[in-house]
Amino acid sequence: MEFFLYLLLSFVTLYCLSYIFKSRTATGSDAADKVRLPLGSRGWPLIGETLEYLSTAKEGVPEKFVTDRRNKYNPKVFQTSFAGEPMTMLCTHEGNKLLFSNENKLVRSYWPRNFVRIFANSEKTTTSEESIRLQKVISPFLKPDALQRYVGIMDAATKQHLQRYWNHGEVKVHPLAKNYTLTLACRIFLDVEDPEIIARLEKPMLQISNGFVALPINLPGTIYSRAVRASKQLRKDVEQIIKQRRISVNLENREPPKQDLLSQMLMETYTDGQLMEDSDIANKIFGLIVGAFDNTSTTLVSIINCLAEMPQVYDGFLEQMEIANSKGAGELLSWGDIRKMRYSWNVACEVLRLFPPVPGTFRVAITDFMYEGFRIPEGFKLHWYAFATHKSPEYFSDPEKFDPSRFEGSGPVPFSYVPFGGGPRMCPGKEYARLKILIFLHNFVTKFRWEKVFPEEKIVYDPLLKPTKGLHLRLYPLNP
Ligand code: HEM
């Protein structure tokens, strides 16, 4: 028995050694051809360098993962491996520019297995023709001039949410921010206001979020399989809403009766003149709801947390008080008011610099090319990582300091500040997110003062960005 155990152990050790040896020569030095590949280490078999990548982020020093390797291998590019997937990391604004500006020329968007399966049948896995159609339908709806007409609706929905759920002295912000995000998405994308329907959609949403960072093992009972099931359920629920709405849309005069995204999509046709299919519409709206859910809610949480920790930042919100004082009873915010919220947006930008909810995404090389004297072969996975530039003193002096004035004037070096990514795959929800964050901030800072119930509570990447205890706040109404 002992002998077999010994034999097994030897095999495992040999396998590990051969893997490490292989990965080091592949990324290392001897054969002339291979020297030109970026240097680095692929770490351990299967897990690669995942643990260090995740633990540095969880400890609040994500830039350490990059700095250590920049110092060891090369200041601009190195190889690593996450969850067994070899990855080349680009760490400067030039690297970001290269990835963002060469979509479908040198690289294309690449999503890890978890995302592909959860988004299956959605935009992530459709053909490029369908992707272009998605852009055609979604982009006009999410542009600033199109979003202007939603300011009043978003303001009214925000006031209602704060009145209904936040007026209770002590609150747990993270779940409330998620519910608020979904409430607004349902209102703007689907024209749905019924809290019961929203509650029904929220359950699968929470499971989907967990699935993005779970091990991709699709066996009954795993977090991942629950997320895949939940994504199917959510699409079905959205499709049901679509079917009911199609009945009420007046197709005769081709005018959408309402202004929400669904109404517009119901009028959208394919190139052959056919109306879009319900399942297709459901996939696209599903993508937007999921895209908005975690990112905007955690951004709100991070902003509220920063304001609780730094009262001097809160004191700068004079513009919000002035806007509130200029309003008559019951008068809602206007687009003109949003344009006055410059300091508030600078605060949000600084929070997104230090706590980007999406710290990076991936691309895959679609052809061989050279970068900084290294060969990037076709098929290589590439990773841009916001912390590599956001926390670098090369781009942001005294990077740990919270300083919203960084975003005044011409702002940061192009491609160094990338919380929404860049290029053709840049987040299509950026303007919608900006509007929502500003409208929420206006209402929150003019309605409440607040303090943390657990002053030591932190916002961490675990592995998604979240407050360790949900962010408990004590709220003090300003005009009780
Ligand atoms: C503070 C809030 C948000 C942040 C920080 C954020 C960040 C990002 C980032 C970094 C990407 C990847 C970009 C790239 O790979 O170059 C992305 C993609 C995406 N985001 Fe956002 N996002 C936010 C809010 C939203 C909202 C509100 C929506 C929907 C209304 C949305 C929908 C999407 C979609 C559909 C994609 C995929 C685009 C594609 O693959 O072409 N996001 N987002």
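Residues numbered from 1 in each chain as written. Predicted model: local features only at pLDDT ≥ 70, side-chain atom pairs only at ≥ 80, totals over all residues. Heavy atoms only, no water.

Novice: So what's going on with the overall build of the protein? Which residues, and what values?
Specialist: A count of helical and extended segments in the protein gives 20 helices and 12 strands. Evaluated residue by residue, the protein yields a buried proportion of 51% over its 480 residues. Across the protein, contacts joining residues at least 24 apart in sequence account for 69% of those joining residues at least 6 apart. Here the protein displays about 22,700 Å² of accessible surface, and carbon together with sulfur accounts for 57% of that area. (Helix = DSSP H or I, 4+ residues; strand = E, 2+ residues; numbered from the N terminus. Buried < 20%, exposed > 50% of the residue type's maximum accessible area, 1.4 Å probe, protein only. Contact = heavy atoms within 4.5 Å. Areas by Shrake-Rupley, 256 points an atom, 1.4 Å probe, with all protein chains shown as cover.)

Novice: Tell me about the UniProt feature "binding site: heme" (unreviewed entry) in the protein, and please be specific about residues and values.
Specialist: UniProt marks Cys427 with the feature "binding site: heme" (unreviewed entry), using the numbering shown here. Mapped onto the elements, Cys427 comes out in the loop between α19 (386-390) and α20 (430-447). Cys427 gets classed as partly exposed once you look at its relative accessible area, which sits at 32%. (UniProt positions renumbered as here; feature names shortened; annotations may be inferred.)

Novice: Can you explain the side chain of Asn96? Please cite residues and give values.
Specialist: As for its placement among the helices and strands, Asn96 is situated in helix α5 (residues 93-101). The exposure class assigned to Asn96 is buried, which follows from its relative accessible area of 1%. Within the structure, the side chain of Asn96 is placed 2.9 Å from the backbone oxygen of Phe415, a separation counted as a polar contact. In contact with Asn96, not counting residues within four places along its chain, are Leu90, Trp384, Thr389, Phe415 and Val418. (Polar contact = N/O pair within 3.5 Å; in protein donor to acceptor, adjacent residues only side chain to side chain.)

Novice: Let's hear about the sheet that holds strand β8 (residues 381-384): which residues, and what values?
Specialist: Each strand in a sheet pairs with its neighbour through backbone hydrogen bonds, running either in the same direction (parallel) or in the opposite one (antiparallel). Here we have five strands laid out as an open sheet, ordered β1-β2-β8-β5-β3, and mixed in their pairing. At either end of the open sheet lies a strand with only one pairing partner, and these are β1 (77-82) and β3 (107-110). Each strand of the sheet is rotated relative to its neighbour by a mean of 40°, with strand direction disregarded. Running at roughly 130° to β1, helix α4 (residues 62-72) makes contact with β1 and β2 (85-90) of the sheet. (Pairing = 2+ DSSP bridges. Axes fitted to C-alpha atoms, helices over the stretch in contact; angles between N-to-C directions.)

Novice: Describe the sheet that holds strand β9 (residues 448-452), listing the residues and the values that go with them.
Specialist: In spatial order, the strands read β4-β12-β9; together these three strands make up an open sheet with antiparallel pairing. In this open sheet, the two edge strands, each paired with only one partner strand, are β4 (170-172) and β9. Adjacent strand axes in the sheet meet at a mean angle of 35°, parallel and antiparallel pairs treated alike. The sheet contact formed by β4 and strand β12 (residues 472-477) spans three bridges and is antiparallel. Across the sheet, the residue bridging to Lys172 is His472, located in β12. Docked against the sheet, α20 engages β9 and β12, running at close to 85° with respect to β9.

Novice: An account of the pattern of salt bridges is requested, with residue identities and associated values reported.
Specialist: Enumeration over the complete set of coordinates arrives at 32 salt bridges. Notably, a salt bridge pairs Lys76 with Glu94, separated by 3.6 Å at the nearest N-O pair. Here Lys76, found in the loop between α4 and β1, pairs with Glu94, found in helix α5; they are 18 residues apart in sequence, far enough to count as distant. Residue class for Lys76 comes out partly exposed when judged on its relative accessible area of 24%. Glu456 is paired through a salt bridge with Lys469; the nearest N and O atoms lie 3.5 Å apart. Of this pair, Glu456 sits in the loop between β9 and β10 (459-461) while Lys469 sits in the loop between β11 (465-467) and β12, and the two are 13 residues apart along the sequence. Judged by its relative accessible area of 48%, Glu456 is partly exposed. Among the charged side chains, a network of salt bridges with common partners joins Glu239, Lys243, Arg246 and Asp278. (Salt bridge = Lys/Arg side-chain N within 4 Å of Asp/Glu carboxyl O.)

Novice: Tell me about the nonpolar core, and name the residues and values.
Specialist: In this structure, Trp166, Phe189, Ile285, Phe444 and Trp450 are the most contacted members of the largest nonpolar core, which totals 116 residues. With near-sequence residues (within four places) excluded, Trp166 lies in contact with His161, Val171, Val173, Leu176, Ala177, Phe440, Phe444, Phe448 and Leu475. One finds Leu37, Leu90, Tyr371 and Leu382 within the second-largest nonpolar core, a separate group that totals 17 residues. (Core = buried A, V, L, I, M, F, W, Y, C linked by side-chain atoms within 4.5 Å.)

Novice: Tell me about α20, and name the residues and values.
Specialist: For α20, with 18 residues, the first-to-last C-alpha span of 26 Å sits near the 26 Å given by 1.5 Å per residue. By the criterion of burial, α20 is predominantly enclosed, with 15 of the 18 residues buried. (Expected span 1.5 Å × (residues − 1).)

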